[in-house]
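Examining the three-dimensional arrangement
Listed here are the chains, written in short residue letters.
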Amino acid sequence: MAPPSQPALPSVDARGWCLALALSVGAAVSLGITRFAYGLLLPAMRTNLGWTYTLAGAMNTANALGYFIGALLTPRLLRSRGPGELLWGGALLATVFMALSGFFTDANALLVQRLLAGIASALVFVAGGLLAARLGARYPRHGGLLLGIYYGGTGLGIVASALLVPWLLERFAGQAHGWQWSWWALALICAAGTAVMLWPARVMSAWALPQAQAAAGGPQQFHWADFRFGLAGYTLFGVGYIGYMTFVVALLRSQGTSAAAVTVFYALLGVAVMASSRIWARLLDKHHDGRPLATLNALLGVATILPALTQWWPVVLVSGLLFGAVFLSVVASTTALVRHNLPPAAWAAGISAFTTVFAAGQIVGPTVVGWIADGPGGLARGLVFSACALWVGSALGLRQKALWRS
């Protein structure tokens, strides 16, 4: 039988839009800053501390390992704490660990800080995704857009990092470890974001689970086997996209790109992330299978390989814009897949499972790309590997079917 039709519900009111925007700060903190700002810091830290690309990539591998641990812990914590408490509590912990990263120069200590920050960011990202799914269920006419707004909030963090970090690196370039100021400034932004998230965490935690109509044609609980192709495709998304976000700035700098040009590139990428919620909302609402995941992974592969093929600046900018316009919508597509195919009580398990494999892919990606970059071909060859991983993930995503039985 076909999936049940949604009951008529009102359009999103002003309060709903404000909740979505405030909630999106969670993605800005957990990914936009805690994860991706490191890519801007990597060239300066690598030069100052004498790292290889393999060690530089291992920093984001440690962060991804923490994210993996956090994703495994989140379902258990949700049973006792609730998503609202995990949202702001995880953001507070991420703020602390970001600040601590500015006090160390030892690689082992920094690896530990990146690990702990990854655990905290997973709590924020999964809890925020669950609340965004509930918000989308409350206003089903705009469900895809509301999910996109949450994940697109990552762009806020990317833009803030792009405007702040290169300026601070230049401002304190004369100091022995001038990059430390960037960690402290980013921690202050995380603290401000944590304060903003208190409101949606408190309001939405009081909401009851959305009521779903009987879904006799589909599963009532999350089962890994039902989503095996989507999970596999999403794992390879984690492998592929993180290589770009970790090393693209280092590649541009190694090619002689100025700090100002890097700021423009990264800021435009972040703006494109914020715009992506509108671009792909209809795709996420229309398809209940793996087609959105496949389509977006394929486009992301194109964006990833472009800087490896040419240094021509217009093409490099197209790469950043396309990448920004797509990559967080891949994340939103998996939450939409869960929301379309499972009852609300099973959403937390589904979102956590996709977050877990996403984190597993991110563990592999940075170290492999860094290892490739230390050999012949450098960072460009590493991005070719990333693009290939994304295209294989696209092929797997295309095999994911909707779970409603005919």
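Residues numbered from 1 in each chain as written. Predicted model: local features only at pLDDT ≥ 70, side-chain atom pairs only at ≥ 80, totals over all residues. Heavy atoms only, no water.

Looking now at the overall build of the protein. Regarding its fold elements, the protein presents 15 helices and 0 strands. The globule rule puts the C-alpha radius of gyration for 406 residues at 22 Å, and the 20 Å found for the protein is close to it. Scored against the burial criterion, the 406 residues of the protein give a buried share of 60%. With 23 positive and 8 negative side-chain charges, the protein shows a separation of 6 Å between the mean positions of the two kinds. (Helix = DSSP H or I, 4+ residues; strand = E, 2+ residues; numbered from the N terminus. Rg over C-alpha atoms; globule rule 2.2 N^0.38 Å. Buried < 20%, exposed > 50% of the residue type's maximum accessible area, 1.4 Å probe, protein only. Lys, Arg positive; Asp, Glu negative; His and termini not counted. Charge placed at Lys NZ, Arg CZ, Asp CG, Glu CD.)

Another aspect to go through is the packing of helix α1 (residues 14-33) against helix α7 (residues 154-171). Relative to each other, α1 and α7 sit at 50 degrees, their axes nearing to 6 Å. The angle between α1 and α7 falls in the class oblique. The handedness of the crossing between α1 and α7 comes out as right-handed. For the pair formed by α1 and α7, the contact residues are Ser-24, Ala-27, Ala-28, Leu-31, Gly-32 and Ile-33 on the first element and Thr-154, Leu-156, Gly-157, Ile-158 and Ser-161 on the second. (Axes fitted to C-alpha atoms, helices over the stretch in contact; angles between N-to-C directions. Parallel < 35°, antiparallel > 145°, perpendicular 65-115°, else oblique. Left-handed = near helix turned anticlockwise from the far one by under 90°. Contact = heavy atoms within 4.5 Å.)

In this structure, Phe-237, Tyr-241, Met-245 and Phe-327 are the most contacted members of the largest nonpolar core, which totals 115 residues. Aside from chain neighbours lying at most four places away, what touches Met-245 is Phe-36, Gly-39, Ile-158, Tyr-266, Leu-269, Phe-323 and Phe-327. (Core = buried A, V, L, I, M, F, W, Y, C linked by side-chain atoms within 4.5 Å.)

Take helix α6 (residues 143-152) next. Counted residue by residue, α6 has 10 buried out of 10 residues, so it is predominantly covered. Buried residues of α6: Gly-143, Gly-144, Leu-145, Leu-146, Leu-147, Gly-148, Ile-149, Tyr-150, Tyr-151 and Gly-152, and no others. Residues of α6 that are buried in the fold lie against α1, α5 (107-138), α7, α10 (259-279), α11 (281-286) and α13 (313-341).

In this section: the packing of helix α4 (residues 83-100) against α5. Across the interface, α4 lies against α5 with an axial gap of 8 Å and an inter-helix angle of 155 degrees. As far as their axial angle goes, α5 and α4 are roughly antiparallel. Seen along the crossing, α4 lies across α5 with a hand that is left-handed. Where α4 abuts α5, its residues Pro-83, Gly-84, Leu-86, Leu-87, Gly-90, Ala-91, Leu-93, Ala-94, Phe-97, Met-98 and Leu-100 lie against Gln-113, Arg-114, Leu-116, Ala-117, Ala-120, Leu-123, Val-124, Ala-127, Gly-128, Leu-130, Leu-131 and Arg-134.

A cluster of nonpolar side chains, Leu-65, Ile-69 and Leu-73, forms an exposed patch at the surface whose accessible area comes to about 210 Å². Relative to the helices and strands, Leu-73 resides in helix α3 (residues 53-80). (Patch = residues over 30% accessible without salt bridge, like charges linked within 9 Å, V, L, I, M, F, W, Y side chains within 5 Å. Areas by Shrake-Rupley, 256 points an atom, 1.4 Å probe, with all protein chains shown as cover. Salt bridge = Lys/Arg side-chain N within 4 Å of Asp/Glu carboxyl O.)

As enumerated under the stated definition, the model contains 23 aromatic pairs in all. For the pair Phe-222 and Trp-224, a centre-to-centre distance of 5.9 Å together with 70 degrees between the ring planes defines the contact as edge-to-face. Look at Phe-222 and you get buried, because its relative accessible area is 12%. Since its relative accessible area comes to 46%, Trp-224 is described here as partly exposed. When the ring centre of Tyr-53 is taken as origin, the NZ or CZ atom of Arg-46, which lies over that ring, is 3.7 Å away. (Phe/Tyr/Trp six-rings, centres within 6.5 Å; stacked < 30°, edge-to-face > 60°. Lys NZ or Arg CZ within 6 Å of the ring centre and 35° of its normal.)

Working definition: two side chains of opposite charge can pair if their charged atoms are close together. Scanning the model with the defined rule gives 2 salt bridges in all. Notably, a salt bridge pairs Arg-81 with Glu-85, separated by 3.6 Å at the nearest N-O pair. The partner of Arg-339 in a salt bridge is Asp-285, and the shortest N-O contact between them spans 3.9 Å. Within this pair, whereas Arg-339 is found in helix α13, its partner Asp-285 is found in helix α11, the two being separated by 54 residues in sequence.

Take Leu-321: it is sitting in helix α13. Spatially, the C-alpha atoms of Leu-321 and Pro-307 are 12 Å apart, while their sequence positions differ by 14 residues. Aside from chain neighbours lying at most four places away, what touches Leu-321 is Leu-268 and Ala-272.

Once that is clear, we can look at the environment of Trp-371. Take Trp-371: it is sitting in helix α14 (residues 347-373). In this structure the C-alpha to C-alpha distance between Trp-371 and Gly-84, which are 287 residues apart in sequence, comes to 39 Å.

As for its position among the elements, Ser-30 is in helix α1. At a separation of 2.9 Å, a polar atom in the side chain of Ser-30 contacts the main-chain carbonyl oxygen of Gly-26. Residues contacting Ser-30, with those up to four places away along its chain left out, are Arg-35, Ser-121, Val-124 and Phe-125. (Polar contact = N/O pair within 3.5 Å; in protein donor to acceptor, adjacent residues only side chain to side chain.)

Within the secondary structure, Leu-111 is located in helix α5. Measuring from C-alpha to C-alpha, the distance between Leu-111 and Ser-352 comes to 24 Å, with 241 residues separating the pair along the chain. Apart from the residues within four sequence positions on either side, Leu-111 is in contact with Ala-58, Met-59 and Ala-62.

Its location among the elements puts Arg-35 in the loop between α1 and α2 (37-49). Buried charge Arg-35 goes without a salt bridge, the closest partner of opposite sign being Asp-374 at 19 Å. Sequence-distant contacts of Arg-35, that is, excluding residues within four places in its chain, are made with Ser-30, Asn-60, Asn-63, Ala-64, Tyr-67, Arg-114, Tyr-241, Ile-242 and Gln-362.

Bringing the confidence of the model for the protein into the picture now. Looking at the protein, the pLDDT average stands at 89 and 94% of residues meet or exceed 70. Mean pLDDT values for the elements of the protein range from 84 in α6 up to 96 in helix α12 (residues 291-309). (pLDDT = per-residue confidence, 0-100.)

Before going further, it helps to examine α1. Here α1 is 20 residues long and its end C-alpha atoms lie 27 Å apart, about the 28 Å a rise of 1.5 Å per residue gives. At Ala-27, α1 is deflected by roughly 30 degrees, the largest bend along its length. Among the 20 residues that make up α1, 15 are buried, leaving the element largely enclosed by the rest of the structure. (Expected span 1.5 Å × (residues − 1). Bend = angle between axes of the 7 residues up to and from the residue.)

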